[in-house]
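Reading the structure
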Amino acid sequence: MSTPVLDVRGLAYGYPDGHQALFGVDLHVHRGERVALLGPNGAGKTTLVLHLNGILTAGAGSVAVSGLPVEKQHLQEVRRRVGIVFQDPDDQLFMGTVRQDVAFGPANLGVRGADLDRRVMAALEQVGMAEHVDRPPHHLSFGQRRRVAVATVLAMEPEVLVLDEPSSNLDPASRRELADILRSLDVTVLMVTHDLPYALELCPRSVVLSGGTVVADGSTYDVLTDDALMRAHRLELPFGFDPRSVRPGLGTGVAPDRAAPPRTDAAGGLVASPGTHTNPGDLT
Amino acid sequence: MGAAHGHRLHHHGHSAVHRAPAHLKILALVGFVLLVVATPREWYVAFPAYLAVVVGVVLTARVPLLWIVRRMVVEVPFLVFAALVPFVAHGPRTEVLGLSVSEPGLVAAWGLAVKATLGVMASLTLAATTEPVDVLRGLRRLHVPSLMVEIMSFMLRYLDVVTADLGRMLTAMRSRGCDPRSPRHWPALARSLGALFIRSYERGERVHLAMLSRGYTGSLPTGADQ
């Protein structure tokens, strides 16, 4: 198989205060995949994300981005390849205008002049915010700010887009608009989220991180319908939401029109199906 | 920038003073303040003349004088301090309104009060006639170290965010039956200001992370800085 875009092997990390956040995480994400990273609060999701672009340095194990190891001498290139969109757009948008903010990343990479303008406009067009290019970010609505935050990273032309809680605090319309944008992008996506319907809608594959290890890695549909797994790791579907009743094929990695007949017999045939429980060691 | 729309210190207008290049206005302000500070406080005639200059500029800018005067309350703590000086200073005493005060103290208080007032008025005039983002541009043109300009631009960007944070905390306090204005509740207010400081500090760290993630290496790229 081709070199994975993200190749995390045996990653362990303890914070300086002694708190061990990750215990040997293995994760591979291939080009063009959209993967949801699920898990309860405190599972180590954010810690893992901060390793992907070298903000945190692995205590043990390794991280590589398209074959390039995340090490000090490659940091600049790693940070171009891995675009992280943080949860609070106010943390991400710190310049005076949308244009300056979107230009910040590529300008750090040495892009200048007309080339820079082209990148800025292209990124803003991808998220439908081109008309707001000269506005100050804090005059935009929250949903618009989130979209601009995505653009600031797209302008760096990353190989993988990492989103931290992309749907948090969005109203339903903004949430759907962002989903449309993410689907339209031709880029690998790793999405950290508690919004399980969103994961099912956007990501054919889900990885569950709990207690600092990967406890499941499979199709989102299988993960969400594995009641025992869900209960064991404090994952809960919102009231009234049943993945089995949603359009068949969604979250299974199979195109809807070619999907297998809906597996709607919720009697428990899918519960604890052995394929979804995967030990970290089995992943490689 | 942030404050461009309806900033509390900016009075929108199109006068010659508003249109003047920001860096010239900053130079004029610094020159004026230095001149005021360097003038011996015993040259009593000089100060009304300075005042006339500031008032002249304010009127030319078509900023209402009262608008400026209202914003001069920031100076009050300083004036209180100046008013105390005659009572605590040494030297020959004199009678004012039946109170025994120190003569050199009185002169010192006059000097402090009048110089501070002129300085504050002149600064408010600059703020009233110049958009904050233009002030920053002006500073950059004057080759103020870019790190300082960056710090100021971040302050400007996050002022609204932090103020909104504070507003939410005060609303939450009021909702739980606490009046932040009453001295009885000042301890609670002080604690929430402490919390605000920590929150802002943590936000600073998150912003820094976001900057590093986009390849920041220690200086803002000139390309992003148009």
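Model, not experiment: these values are computed from the prediction. (Residues numbered from 1 in each chain as written. Chains lettered and ligands numbered in written order. Predicted model: local features only at pLDDT ≥ 70, side-chain atom pairs only at ≥ 80, totals over all residues. Heavy atoms only, no water.)

Opposite the 28 residues of chain B that make contact, chain A presents 30 residues. For Arg 206 of chain B, the salt bridge is made with Asp 91 of chain A, and the minimal N-O distance between the two is 2.4 Å. The interface formed by chain B and chain A contains 11 residue pairs in polar contact (both at pLDDT 80 or more). Elements supplying a minimum of two residues to the side of chain B that touches chain A: helix H8 (146-175) and helix H9 (186-213) of chain B. When residues of the side of chain B that touches chain A are assigned to their parent elements, the largest contribution, eight residues, is made by H9 of chain B. Of the residues assigned to the side of chain B that touches chain A, the class counts are 13 nonpolar, nine polar and six charged. (Contact = heavy atoms within 4.5 Å. Salt bridge = Lys/Arg side-chain N within 4 Å of Asp/Glu carboxyl O. Polar contact = N/O pair within 3.5 Å; in protein donor to acceptor, adjacent residues only side chain to side chain. Helix = DSSP H or I, 4+ residues; strand = E, 2+ residues; numbered from the N terminus. Nonpolar A, V, L, I, M, F, W, Y, C, P; charged D, E, K, R; others polar.)

We now examine the sheet that holds strand S10 (residues 213-219) of chain A. Residues and elements named next belong to chain A. Strand order across the open sheet formed by six strands is S6-S7-S8-S3-S9-S10, with mixed pairing between neighbours. Two strands close off the open sheet at either side, each with one partner strand: strand S6 (82-85) and S10. Adjacent strand axes in the sheet meet at a mean angle of 20° when their direction is disregarded. Here six bridges tie strand S9 (residues 205-210) to S10, and the two strands are oriented antiparallel to one another. By the bridge assignment, Leu 209 is partnered in S10 with Val 214. Set on the sheet, helix H6 (residues 142-154) makes contact with S6 and strand S7 (160-164); between it and S6 the angle comes to about 165°. (Pairing = 2+ DSSP bridges. Axes fitted to C-alpha atoms, helices over the stretch in contact; angles between N-to-C directions.)

All right, on to the pairing of strand S2 (residues 20-29) of chain A then. Residue and element names in this part refer to chain A. Counting buried positions along S2 gives seven out of 10 residues, so the element sits mostly inside the fold. Sheet analysis places strand S1 (residues 6-14) next to S2, joined by six bridges and oriented antiparallel. Within the sheet, the bridge partner assigned to Leu 11 lies in S2 and is Val 25. Between the end of S1 and the start of S2, which pair antiparallel, lie five residues, with Gly 18 showing a positive phi angle near 100°. (Buried < 20%, exposed > 50% of the residue type's maximum accessible area, 1.4 Å probe, protein only.)

A full pass over the atoms with the stated rule returns eight aromatic pairs over all chains. Relative to Phe 104 of chain A, the ring of Phe 94 of chain A has its centre 4.8 Å away and its plane inclined at 90°; by these criteria the two rings are edge-to-face. Of this pair, Phe 94 of chain A sits in the loop between helix H3 (89-92) and helix H4 (98-108) while Phe 104 of chain A sits in helix H4, placing them 10 residues apart in sequence. Here Phe 32 of chain B and Tyr 50 of chain B contribute two aromatic rings whose centre-to-centre distance is 6.0 Å and whose plane-to-plane angle is 80°, an arrangement assigned as edge-to-face. Of this pair, Phe 32 of chain B sits in helix H2 (residues 22-38) while Tyr 50 of chain B sits in helix H3 (residues 46-60), and the two are 18 residues apart along the sequence. On the accessibility criterion, Tyr 50 of chain B (13% relative accessible area) is buried. Members of the aromatic cluster, connected to one another through ring pairs, are Phe 32, Tyr 44, Phe 47, Tyr 50 and Trp 110 of chain B. The positively charged end of Arg 71 of chain B is found above the aromatic ring belonging to Trp 67 of chain B, 3.8 Å away from the centroid. Over the face of the ring belonging to Tyr 158 of chain B we find Arg 157 of chain B, whose NZ or CZ atom lies 4.7 Å from the ring centre. (Phe/Tyr/Trp six-rings, centres within 6.5 Å; stacked < 30°, edge-to-face > 60°. Lys NZ or Arg CZ within 6 Å of the ring centre and 35° of its normal.)

Next up on the list: the nonpolar core. Note on soluble globular proteins: their nonpolar side chains tend to be buried together. All names here are of chain A. Ranked by size, the top nonpolar core spans 50 residues in total, and within it Leu 38, Val 102 and Leu 161 carry the most contacts. Non-local contacts of Leu 38, meaning those with residues more than four positions away in its chain, are made with Lys 45, Thr 193, Leu 196, Ala 199, Ser 206, Val 207, Val 208, Leu 209, Val 223, Leu 224 and Leu 235. Membership of the second largest hydrophobic core comes to 36 residues, among which are Val 5, Leu 52, Val 70 and Leu 190. (Core = buried A, V, L, I, M, F, W, Y, C linked by side-chain atoms within 4.5 Å.)

Right, let's get into the UniProt feature "transmembrane region" (unreviewed entry) in chain B. Per the UniProt record, the feature "transmembrane region" (unreviewed entry) sits at residues 20-38, 44-65, 72-89 and 109-130 of chain B. Regarding residues 44-65 of chain B, the helix share stands at 73% and the strand share at 0%, and the terminal C-alpha atoms are separated by 23 Å. (UniProt positions renumbered as here; feature names shortened; annotations may be inferred.)

Moving on to the pattern of salt bridges. All names here are of chain A. Under the criterion given, the structure shown has 26 salt bridges over all chains. Arg 9 serves as the salt-bridge partner of Asp 7, at 3.0 Å between the closest nitrogen and oxygen. Note on Arg 9: relative accessible area 42%, which makes it partly exposed. With a shortest N-O distance of 3.7 Å, Glu 157 and Arg 119 are connected by a salt bridge. Placement of the pair is Glu 157 in the loop between H6 and S7 and Arg 119 in helix H5 (residues 113-126), with a sequence separation of 38 residues. What makes Glu 157 partly exposed here is its relative accessible area of 42%. One salt-bridge network, in which partners are shared between bridges, spans Glu 77, Arg 80, Arg 81 and Glu 159.

Our next topic: the sheet that holds S2 of chain A. The strand order across the open sheet formed by four strands is S2-S1-S4-S5 (chain A), and the pairing between neighbours is antiparallel. Single-partner strands in this sheet number two, and they are S2 and strand S5 (68-69) of chain A.

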